[in-house]
Each structure stands twice: as structure tokens, then as C-alpha cells.
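# A structural walkthrough
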Amino acid sequence: MDLQQVFVRPTPTVAVVGMATIDYLYVLDSHPAEDSENPVRQHEVVIGGPAGRGAIAAARLGGEGVTLSAMCGTGVHADVLRRELKAEPLTTNLAVRHQESQHSAVIVTADRGTRTTIWTPQPRADEQFIDALPTVFDGADAALLDCTDPALSKAAIARCRELGVPVVIDTGGYKQSSEDLLAGVEFIVSPEKFFTGRHPGEPLERSMAKVHEDFQPKVLVATQAARGGVYLDETGTHRYRGFPVDTKDSCGAGDTFHGALAWAVAAGADTATALDIASWAAAQKCAVFGNGGIPNRAQLERFLEESIGDSTR
């Protein structure tokens with residue numbers, strides 16, 4: 001098997017719509033206690049948000065076929081966000097509204113790479129932004145959406161359905177408001193806590209079966225961090241593998257997973273391969289502080305060549 005058999009479209013187009021923000025990362029020895037002083041061991045400024053980091057993950061894998069559309073405030077944080085986005089191989093469409101721009105402070109522990117996030121919201125999508133959506137998805141091979149702004153996501157899903165563009169949606173943790181967005185979405189991707197939140201006390205596979213019955217996605221994915229995860233499709237329930245690494249920073253691992261998955265779907269990879277790529281990409285991100293670990297196309301090709309070689313031995 002060669003790479004052309006893995007990807008039907010080696011340079012796909014992915015339209016990403018949702019929240020993009022700027023993250024200020026601070027590494028501390030441990031999570032701070034009340035009334036304590038904590039020296040910062042390492043500090044970095046990176047693009048975050050489900051759509052922002054997801055778009056970066058997709059763009060680094062695939063070149064210039066990725067677009068990011070998001071609302072944005074004003075002020076110094078907006079300036080930093082625009083500066084950081086310019087350094088990435090993607091096209092951005094930031095709709096500016098006059099309020100303090102979204103940003104997050106993320107505390108990462110040096111011992112385990114776990115995180116605490118303090119954030120301010122981005123502006124909500126207005127009619128002007130939503131009315132511009134028809135052009136966002138024209139010619140896209142796949143779309144990546146989040147559930148941070150239900151009105152925006154609902155309009156985006158409707159437009160993708162009109163155009164026949166497959167949607168990958170990042171639900172985040174379980175929220176009642178996301179229920180209205182999921183019917184008919186091709187790829188629903190949720191952390192395990194989404195299913196325990198919707199069906200407390202149920203085994204994962206049973207709760208996944210209920211979600212699949214209610215919303216009928218092509219593929220339903222439950223992510224389980226370093227353990228990999230479970231997916232359900234028309235052929236049944238399957239596991240995909242995790243890629244253990246020495247975790248330096250888990251912030252944005254899920255966003256990276258979703259962006260890489262959307263890119264692989266757009267490229268035409270089969271479901272098992274697409275999830276392998278997404279899981280691998282998320283692990284690479286965790287191995288490096290900040291966004292420096294989000295892999296590029298050359299790294300992806302090496303990973304696939306090694307994986308294909310392993311599978312044929």
C-alpha cells in the first residue's frame with residue numbers, strides 16, 4: 001500500500017467554523033493553592049479554541065486548503081490572535097465586533113501536563129456573519145464545527161447539508177443545547193464524559209448505541225485520551241489505538257484530534273485510518289509544550305509509511 005491509496009485527495013479543502021482564541025500558557029510545578037505565589041517555569045502564547053487549534057492541525061497536515069471562520073473581539077488580545085494566525089498555512093476570516101477579544105490563561109502542571117483553563121468568551125455570531133456562511137463551505141471536502149455557538153453551528157450544518165459536505169462536529173462535554181445540532185451529522189466526536197453525562201451509570205458502548213440511535217451519524221466516536229477510543233459505525237463497535245507519549249502539555253489535544261480527523265476525512269481516508277491519524281496527531285501535540293508538537297505533512301507521511309510497513313509485515 002502506498003500513500004495514494006490512503007488519500008483519495010492528498011490536498012483536501014477543510015472549512016473550519018467556530019471558536020478561535022489566544023491562549024497564554026503557564027507551566028507551574030503544580031496547581032496553585034489559595035493565597036499562594038507560584039513561579040512560572042515556562043510560558044508561551046498560542047492559538048487555541050476548538051476551531052482555532054483544529055484549523056491549525058488540519059492546515060499543517062494538508063497545506064493551503066484550510067479556512068478558518070470565527071468571530072473576534074478587539075484590543076490587544078485580538079492583535080495577538082491575528083499575528084499568530086498569520087504564521088500558519090491557512091486562510092482566516094475573522095469577523096470583528098467591538099468588545100474585548102476572547103483569550104484564555106492556561107495553567108499546565110510540570111509533573112503531569114494536566115491543565116486548568118480560565119477563559120473569556122468570544123463574541124456571538126450575528127446575522128451578518130451567519131448570512132456569509134454559504135460561501136464558506138463552497139468547494140469544501142469536509143467541515144469542522146464545534147458546539148460553542150449553537151446558532152452558528154446550526155446554520156453551518158444546514159448549509160453543509162445543502163452542499164453535501166460531510167461534517168465533523170466536536171461536541172465537547174455534554175450540554176443539552178448540543179442535542180439540536182447532532183441529527184444527521186456524519187461524524188460526531190465526543191469525549192467519554194459526553195456519554196456519561198447524557199446517560200449516567202450506563203456502560204460506554206450502551207450509551208453510544210443510544211446516541212447513535214437518536215442521531216444516526218455515519219460514525220460516532222468516544223475519545224479516551226491516551227487510551228485511544230471507541231467508534232461506532234454501520235459495521236459495529238470498534239476500538240482505535242492510542243499513542244503513549246511523555247505528556248508535556250495536554251491542552252488542545254482534543255482540538256488537534258478533531259482537526260486531524262476532519263483533514264483525513266476530507267482527504268478520503270477510511271474511518272479506521274482517519275482515526276489512527278487523529279489519535280497520533282493528538283499524541284504528538286501532547287509531547288511538546290504549546291502548539292509546537294502539532295505535526296506537519298512530512299511527519300504524517302513518515303508515520304503512515306511506518307504504519308503501513310508494520311501492517312504488511
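Residues numbered from 1 in each chain as written. Predicted model: local features only at pLDDT ≥ 70, side-chain atom pairs only at ≥ 80, totals over all residues. Heavy atoms only, no water.

When you line up the elements, Asp170 lands in strand β9 (residues 167-170). Buried charge Asp170 goes without a salt bridge, the closest partner of opposite sign being Lys175 at 7.5 Å. Here His258 takes part through its side chain, which lies 3.4 Å from a polar atom of the side chain of Asp170. (Helix = DSSP H or I, 4+ residues; strand = E, 2+ residues; numbered from the N terminus. Buried < 20%, exposed > 50% of the residue type's maximum accessible area, 1.4 Å probe, protein only. Lys, Arg positive; Asp, Glu negative; His and termini not counted. Salt bridge = Lys/Arg side-chain N within 4 Å of Asp/Glu carboxyl O. Polar contact = N/O pair within 3.5 Å; in protein donor to acceptor, adjacent residues only side chain to side chain.)

This part is about helix α6 (residues 150-163). Taking 1.5 Å per residue as the helical rise, α6 with its 14 residues ought to reach 20 Å, and the 20 Å between its terminal C-alpha atoms agrees with that figure. Every buried residue belonging to α6 is among Leu152, Ser153, Ala156, Ile157, Arg159 and Cys160, and all of these are buried. Axial view of α6: buried residues confined to an arc of 165°, hence all on one face. Turned more than 90 degrees off the buried face of α6, the exposed positions are Lys154 and Glu162. Those residues of α6 that are buried are in contact with β1 (14-17), α4 (127-131), α5 (133-136), β8 (142-146) and β9. Once α6 finishes, Gly164 follows within two positions and takes phi at roughly 75°, a positive value. (Expected span 1.5 Å × (residues − 1). Arc of directions from axis to C-beta. Contact = heavy atoms within 4.5 Å.)

Right, let's get into the state of the cysteines. Taken as a whole and assessed by the stated rule, the structure comprises zero disulfides. The thiol of Cys147 is not disulfide-bonded; the next cysteine sulfur, from Cys160, is found 13 Å away. Under the relative-accessibility criterion, Cys147 is labelled buried at 5%. (Disulfide = S-S within 2.5 Å.)

With that out of the way, let us pick up the packing of aromatic side chains. Under the defined criterion, the tally for this structure stands at six aromatic pairs. Ring centres of Tyr240 and Phe257 lie 5.7 Å apart, and the angle between their planes is 40°; on these two criteria the pair is classed as tilted. On the criterion of sequence distance, the pair formed by Tyr240 in strand β13 (residues 236-240) and Phe257 in helix α9 (residues 253-267) is long-range, its members being 17 residues apart. The exposure classification of Tyr240 matches that of Phe257, with both residues buried. Judged by centre distance (5.6 Å) and plane angle (75°), the ring pair of Phe243 and Phe303 falls under edge-to-face. (Phe/Tyr/Trp six-rings, centres within 6.5 Å; stacked < 30°, edge-to-face > 60°.)

What follows covers the sheet that holds strand β5 (residues 91-100). With mixed pairing, nine strands are arranged side by side in an open sheet as β5-β4-β1-β8-β9-β10-β11-β12-β13. Looking along the sheet, the strands with just one partner apiece sit at the ends: β5 and β13. Strand-to-strand twist across the sheet, computed as the mean angle between neighbouring axes with direction ignored, equals 15°. Bridging between β1 and strand β4 (residues 66-74) involves four bridges; their strand directions are parallel. Each bridged residue has a counterpart across the sheet, and for Val14 the counterpart in β4 is Val66. (Pairing = 2+ DSSP bridges. Axes fitted to C-alpha atoms, helices over the stretch in contact; angles between N-to-C directions.)

Ranked by size, the top nonpolar core spans 57 residues in total, and within it Phe7, Phe257, Leu261, Trp263 and Leu300 carry the most contacts. No other element matches the nine residues that α9 contributes to this core. Counting residues in each nonpolar core, the second largest holds 34 residues, with Val167, Leu182, Leu204 and Val211 among its members. (Core = buried A, V, L, I, M, F, W, Y, C linked by side-chain atoms within 4.5 Å.)

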